[in-house]
Structure formats: C-alpha cells, structure tokens
Amino acid sequence: MKNLLTFKNVNYFYQTKNDEIFALNNVNFDVEENSFVSLVGPSGYGKTTILSLTAGLLTPSSGKITLDGEDKIDIKKIGYMFQKDFLFEWRTVWKNITLGLEIQKPKDKEEKLAMAEELLKKYDLYGFKDQKPRSLSGGMRQRVALIRTLTMEPKLLLLDEPFSALDYQTRLSVCDDVYEIIKSEQKTAILVTHDISEAISMSDKIIILTSRPATVRETLSLNLEGTSPLKKRETPTFASLFDHIWRQLSNEETAKNKT
Amino acid sequence: MKKQQKTKPNFSKSHQLYVKRLKKDKFVINFFRVFVLVAFLGIWELLTYYKVLDPFFVSSPSRIFAQIGTMAQNGTLLTHSWVTLYETLIGFGIATAVGYVIAVLLWWNEKVRKVFEPYIVVLNSLPKIALGPVIILWVGAGTSAIVLMCVLICIVITIMSMLSAFLAVEEGKILLMKSMHASKLQILFKLVLPSSMPEFVSVLKINVGMSWVGSIMGEYLTSKAGRGYLIVYGGQIFKIDLVMASTMILCILAFGMYYFVSLLEKKYNPGAKS
C-alpha cells in the first residue's frame, strides 16, 4: 500500500531563552494510506511534536517529511483533533461543524455541507444540530469535534489524545465510535496516546518512542481479529502485546530517571 | 389550558413544595429590598421632622420630592438631566469603542503591546482628575472637556480588561483555527472577539459607573448646566435640597443605564448572575 506520510531522519530542537531542548532525534517512520497508527511513549515533547510537524505547525530542524508525495506540507490535507473538543460555545453544533468550511471557503462547499449533514445523521447528532454545545454530553462533544474535522475531508487525521478528557465508560464507547467513523470513511489516522490498551485496540501499527530526545524504539504491526476496539480487547494476543509495550515503556522510564 | 400544562407538570409533592419555597424566598427578598428603601426614607423624614437632624444640612425626602416637583414644573428637571446624560453617553460610547479598538490592535501586534504595556499601567494608576486643568487648556471649557474627562476615566480600564480577555483565549482553540488554515483576521473575528463577549459586557458594566464619575467630575471642573453643575451650585448656595435631589436623579439615571447593560449580559453571558 502507498505511504501517505514519511518521516526521514527528522530532528527537532525547541529553542527557549536559556535552553535548547533536543526533542526528536533522527525519527524515521511511515504511515500507509487507510491505516491507523498510534504513537506511544513516555511523557515529554516527542509525540505532540511529531503531530505538530506533520500538521506543518512546526518545521523540522533537519530531515524530511513527505505528505502525500509532496515535501511541502499542505495543511488542508490534515485534520487535527485535540485533547479537548474546543467547541465554540457561542455557535450551534451545526455552526461548529461548518467552521472549517467557513474559513477555507472551498469550491465544493455545497457538497461538503451535504456530507456534514450526512455525518450528523449517521452518528445520531442531527437532532442537536441547532443546539449549543453545552447541551451535549462529553462523548457527543467529541463526536461533533470529529465530524468538524472530517467535514474538511482531510487525507490524514491527527488525534492528539482525543479521549483523555473523558471518563472511562464514555472513553470506551467514543473510542469505538471514532474508530468506526474513521474506518468507514476510509481515513488514515495517527493517534497519540498514553493509554496502551487504547493504542492496541485501535491501531494497525504502533510506534513506540524513547524518552527525550525521542526516537523510534520499535514499530509493531498488529493484525488483531475483531471489528471494533472493544472486541479487539478480548483477543488472546491483546494481553501479551500489552505486556510487551508496557515493558518497553517501563525500560524507557527507568532510563529517563537515571539520566 | 396551555399555561396550566406549563406550570403544572406531574412533579412530586416535595418538588412543588420546593418551588413554593423558592417563590416565597424571592418574594421575601423583594419585599425587604423595598422595605429597606422605605424605612430609610421614613426614618430620614421623621428625624428631620422632629428636628433631630437639621434639614438645612441633610435635607429630607419631602423637601427633595418638592424640589424635584419644582424642577419638573420649570423644565430644569429634564434639561439638566439630559445635559449630563448626553455627556455620559457620548463619553461612555467613545471610551468603549476606542478602547476596544486599541485593545484589538495591541492583541494583534505583540511587539507594539510590549512597548505600550508600561505606559498603560502608569496611565491606569494616574488619577485622571489631575489632568483637569490641562484638558480645559486643550479642548476649552464646556461639553468637550467634560466628555474628554469621561473618556479618559473609562478608556484605560477598557483597554486593559479587553486585552487580557483577548489574551486569555485558549491556546488550543487558536491552534485549532490555525490547523484549519485560518488567517489572523479570521482568528480575530471568528474566535477572539466572540469568545470575549462576556468580558465585554462586564467592561460595559464597569464603564457605566466610571462614565458617570467622569461626567460629574467634568461638570465639577467646568460646566454651565447638568446634574454635576447643580450639585456644585447647590452646595455653594447651601441649598442641600437641590444637591440631594440631583444626587437622587443621578442614582436613577445610572441605574437605568446599568439595567440596559445587564439586559445585554443575559443575552451574551446567560450563566452570569446580574
């Protein structure tokens, strides 16, 4: 399958007044089209830096990032979903969803509006179209945020711990919803998460990062049976995978504490 | 029939009691609000009637109402009130609009903001009344001096409050806008300005009070008409009834203006209790 995103020998330094933080060290990986890739690793700058670089919000200090065959990142090909839903309280659900279209004014706006309406209907939010976000539950708000991102028809979705602000029950069901939406809309996605089981249950590939300066420690290709993240959690290999990643990460934490 | 459905859904007895108690509490609060005013005026009247207090120095409600009646008859009630209201509204409008625009410009350019920050802080702590003589020299005695005083008193706080509201917009929301490829102008109009509406309404509320301070200060400095003028004039000729009547009218006017602003608050900041 074709690679949608490639990181080749990417280095990144954060510059502050008194310091220069070496965040990424020679990072190499690629993301195939229509795949779901997770980035896991110790807390630090690494994971979110990778997302910001992918979105073109940061430029690598050295190395090359290729998105959809081009060296220059076209932000219109990217959809970004954040830890918080960042819905604008003064806009209705519909106005929130169409915010991106309002900003970019694409030529096929009408088609995209029709698609947004379809998505709302499909994911049981159409009834809330004209309501303000404060009347929605946490899970619904994240679904609205996802539809807002999908309406722009991005080629690549960047998910920056989008479930971490939800309670556990909601988290599991929203995870299922988001996974289903992404798969049925045939999108490519990169998920950053602290939650190992979330990564295993959603991904086709997991990239384990080391502590700062982050580099790729291991890349795991998964092929779990099951149609949804919840079902995948029940597969026999789930526990061993969890154990493996857990060990890798604890080694990292020990190494980090030693330095 | 329709009304009945609305007010009497099938709630439990305890809920009905709860609603009843809420209504009763509200009534008690409103009753005592009026009571405090009536009692205050009543005691004041009695104390001056029985000469415990000298009405020459403290006036009395009956004298104040008589004074207001006289002013209504000879037409000065409306003319003088209008002069002050006019100055206040113009000063309030200019200060709020110009202050808002300056805050937007400072938000737009970080370097300009950093250059002007210390000046704004100094201007904020300066007692604006100190500029009185200079203002009269610059724009001449009269309405423009009063309006300028009003503007100076309101504008700095408008700039400071709005700027901090603009800067308090969540970084993540700005990042979201950037990830949608929004221009800075779009970030301003679609995110920063609408999300700072609640703060804007509270700036309006602050400015209602401040602009009255400004116009009365201005009238103390230089004026030929207006409520502030009458207060100074009444004080000079020892006509406390006039001073008190003008003060009372000011209270009513200021409250009216505050009320209009709090209607806006209900629209833009429904969560806030006014």
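Refer to the structure printed above.
All values reported here derive from a predicted model rather than from experimental measurement.

### Digging into the sheet that holds strand 6 (residues 156–160) of chain A
Residue and element names in this part refer to chain A. The mixed open sheet is built from six strands, whose spatial order is 5-6-7-3-8-9. With partners counted over all chains shown, the strands left at the sheet margins are strand 5 (78–81) and strand 9 (216–221), one partner each. With direction set aside, neighbouring strand axes in the sheet form an average angle of 15°. Where strand 3 (residues 36–40) meets strand 7 (residues 188–192), four bridges bridge the pair, whose relative direction is parallel. Within the sheet, the bridge partner assigned to Val 37 lies in strand 7 and is Ile 190. Of the strands in this sheet, strand 3, strand 5, strand 6, strand 7 and strand 8 (205–209) touch helix 1 (residues 46–54), which is tilted by about 150° from strand 6.

### As for empty space enclosed by the protein
Per the counting criterion, the structure on display carries two cavities of 30 Å³ or more. A volume near 80 Å³ is recorded for the largest cavity. Lining the largest cavity are Ile75(A), Lys76(A), Ile78(A), Gly79(A), Tyr80(A), Gln104(A), Thr149(A), Met152(A), Leu176(B), Ser179(B) and Met180(B). At three residues, strand 5 of chain A tops the list of elements feeding residues into the lining of the largest cavity. Partitioning the lining of the largest cavity into residue classes produces six nonpolar, four polar and one charged.

### Some details on the environment of Ile155(B)
Residues and elements named next belong to chain B. In this fold, Ile 155 is placed in helix 8 (residues 143–167). Separated by 55 residues in the primary sequence, Ile 155 and Met 210 have C-alpha atoms spaced 9.6 Å apart. Those residues in contact with Ile 155, other than ones at most four positions away along the chain, are Ala 95, Val 98, Gly 99 and Ile 102.

Calculation notes
- Residues numbered from 1 in each chain as written.
- Chains lettered and ligands numbered in written order.
- Predicted model: local features only at pLDDT ≥ 70, side-chain atom pairs only at ≥ 80, totals over all residues.
- Heavy atoms only, no water.
- Pairing = 2+ DSSP bridges.
- Helix = DSSP H or I, 4+ residues; strand = E, 2+ residues; numbered from the N terminus.
- Axes fitted to C-alpha atoms, helices over the stretch in contact; angles between N-to-C directions.
- Contact = heavy atoms within 4.5 Å.
- 1 Å grid on protein atoms, 1.4 Å probe; cavity = no way out; pocket = protein on both sides within 12 Å on 5 of 7 lines; lining within 4 Å.
- Points joined across faces, edges and corners; volume = space filled by probe spheres on them.
- Nonpolar A, V, L, I, M, F, W, Y, C, P; charged D, E, K, R; others polar.

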